[in-house]
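# Observations on the three-dimensional arrangement
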Amino acid sequence: GVWTDAELNTRIDSDALRVQIDLESDTAEATINLRKNVAWYTLPSDCLVPLFLYGPSVWSQLKLFPTSMTKMDRLYDQVGSWETNSASRTTLFIPFSYDQFILWPAPDQNTSITLFYCSVPASLSADGSTTSLHLTEQKLIPIYATYLALRKHDFGKALAFLQEYKQRLAVVKVEIENRAS
């Protein structure tokens, strides 16, 4: 059927969001002030996907990447066994909801760390809207949208578009890395 402008704009925004998540573009960083013996913290309001935490004074040169409570339960073979009090330094970064995260064990000192994350992109709902994506990155949006549109009607063609999306995504990621250096 024919889509209304509002439906089409919503679909475009959704597909552009997916591309930005896959590319990990529009990254930002924020300073998080840690408090001694406090494990629960708030993510920045524009945080879409947390990538990692970096705190050289806390973890030497190591980065903490997100994990989940389910993964930790599986790793330790029982529910909650990893949650016991520990005198060791913080080793777990667990995004808990869309706006909160847990550090475990709780930090043993007051300090600051840096959160690197993908920020929420601007909505493309108006005709004059622009995106922060480069032209080669923008090409991924209609390819992904075509894949989604064809899934119900012609799965074979849909898979071809998904394969093209994945191939172009890999190429675009390399281009982004080359631009950064």
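That block above? That's the structure.
Presented here is an overview of the structure given in this document. Because the structure is a prediction, the values reported are computed rather than measured.

Turning our attention to the side chain of E137. Note that E137 resides in helix α4 (residues 135–138). Not counting residues within four places of it along the chain, the set of residues in contact with E137 comprises V19, L23, V172, I176 and R179.

Moving on, we get to the packing of aromatic side chains. Inspection of the entire model under this criterion finds 7 aromatic pairs. A centroid spacing of 4.6 Å and a plane angle of 65° characterise the contact between W40 and F96, whose relative ring orientation is edge-to-face. Taken together, the residues W40 in strand β2 (residues 40–42) and F96 in strand β5 (residues 92–97) connect sequence positions 56 residues apart. Here W40 falls in the partly exposed class, since its relative accessible area comes to 40%. Relative to F101, the ring of F93 lies with its centre 5.3 Å away and its plane at 90°, an arrangement referred to as edge-to-face. Neither residue differs from the other here; F93 and F101 are each classed as buried. Ring-pair connections join several aromatic residues into one group, and the members of that group are Y41, F93 and F101. Sitting over the face of the ring of F52, K63 holds its NZ or CZ atom 4.5 Å from the ring centroid.

The next thing to look at is helix α5 (residues 140–150). For α5, the set of buried residues is L140, I141, I143, Y144, Y147 and L148. Contacts made by the buried residues of α5 are with α1 (5–23), α4 and α6 (155–180).

Rules used in this analysis
Residues numbered from 1 in each chain as written. Predicted model: local features only at pLDDT ≥ 70, side-chain atom pairs only at ≥ 80, totals over all residues. Heavy atoms only, no water. Helix = DSSP H or I, 4+ residues; strand = E, 2+ residues; numbered from the N terminus. Contact = heavy atoms within 4.5 Å. Phe/Tyr/Trp six-rings, centres within 6.5 Å; stacked < 30°, edge-to-face > 60°. Buried < 20%, exposed > 50% of the residue type's maximum accessible area, 1.4 Å probe, protein only. Lys NZ or Arg CZ within 6 Å of the ring centre and 35° of its normal.

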